[in-house]
Structure formats: structure tokens, C-alpha cells
Amino acid sequence: MREPYDIIIAPVVTEKTADQMENSTYSFVVAKDANKIEIGHAVEKLWDVTVKDVRTMRYAGKAKRASMGRMSRGAAMGRRPAWKKAVVQLSEGDFIELYEAG
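Residues numbered from 1 in each chain as written. Predicted model: local features only at pLDDT ≥ 70, side-chain atom pairs only at ≥ 80, totals over all residues. Heavy atoms only, no water.

## What about the overall build of the protein?
Heads up, the condition is: A run of DSSP states H or I qualifies as a helix once it reaches four residues; a run of E qualifies as a strand once it reaches two. Both are numbered from the N-terminal end. The buried label applies to any residue whose accessible area, calculated with a 1.4 Å probe on protein chains only, is under 20% of its type's maximum; exposed applies above 50%, and partly exposed to all values in between. Throughout, a contact is declared for two residues whenever any of their heavy atoms are within 4.5 Å. Accessible areas in this description were obtained via Shrake-Rupley with a 1.4 Å probe; residue shielding takes into account the shown protein chains only.
The number of helices and strands found in the protein is three helices and six strands. Helices and strands in the protein line up, N terminus first, as α-β-α-β-α-β-β-β-β. Residue burial in the protein is summarised as follows: out of 102 residues, 32% are buried. In the protein, of all internal contacts separated by at least 6 residues, the share reaching a separation of at least 24 is 65%. For the protein, the exposed surface amounts to about 7,400 Å²; the carbon and sulfur share of it is 50%.

## Brief notes about the environment of Ile-7
Within the element layout of this structure, Ile-7 appears in helix α1 (residues 4–7). Between the C-alpha atoms of Ile-7 and Phe-28, which are 21 residues apart in sequence, the distance is 9.8 Å.

## Here we look at the pairing of strand β6 (residues 83–90)
Going by this rule: Any two strands between which DSSP finds at least two bridges are classified as paired.
Of all eight residues making up β6, six are buried, and the element is well covered by its neighbours. Here six bridges tie strand β2 (residues 25–30) to β6, and the two strands are oriented antiparallel to one another. Its bridge partner lying in β6, Ser-27 is registered against Val-87. As paired elements, strand β3 (residues 51–59) and β6 share eight bridges and run antiparallel to each other.

## Some details on the sheet that holds β6
Here is the rule we go by: Helix axes are fitted to C-alpha atoms over the stretch in contact, other axes to C-alpha atoms as well, and angles between N-to-C directions run from 0 to 180 degrees.
Read across the open sheet, the four strands follow the order β1-β2-β6-β3; overall the sheet is antiparallel. On the outer flanks of this sheet lie β1 (8–11) and β3, each paired with one strand and no other. Between one strand axis and the next, the sheet turns by 30° as a mean value, whatever way the strands run. Here helix α3 (residues 36–47) sits on the sheet in contact with β1, β2, β3 and β6, set at roughly 125° to β3.

Keep in mind these values describe shape, not function.
If you want it as C-alpha cells, here you go:
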């Protein structure tokens, strides 16, 4: 089994996820090849909580222009990397302190 720090890459902190944190639901950027069982075990090991449910989503990388201007005209195209997000719901009463308010 892999290390939890290899599975959980970073938390996703947006207005929507901040509202979901009140319901013990947290979002993380995870390794693309991680499955739901590995993600659940990694969260339980890192924060000493009980995971109730794990949902995953894959996001494709978007095509982006590398440089703006008249010279490029579509010749210098690049891609943002693809990534995977996991939405983890904890059991009643558990919480994760991702950042300190104030």
C-alpha cells in the first residue's frame, strides 16, 4: 500500500467546499491512479477520522495557448494537466482542521 501523502495531494478550498465543510464533507486533489478505498484509508490515517463515503471525479486537461500575440496564431498550444478530485464525507462529529480562521 502506498503512503497517504502520495495519494492525497492537496485540499480543494473554494466557496462551495467551504460550505460543504459544515456538513463534514471535504474535497481533495488526489493521485490519478488512486481508488476510493485507498483515498478513504489515506484520509483516515492522516487525520484520525472515520470516512463514511468517497466520491471521485476525473477532470481532463484543457488546451491553452502558450503565448499571446500575433506570432503564435495557434502554433504554440499547450495543455493543462488532467487531475482527479475526491469528495470525502466523514462520519457524524468528525472534522478536519484544514486551515485556521482568523
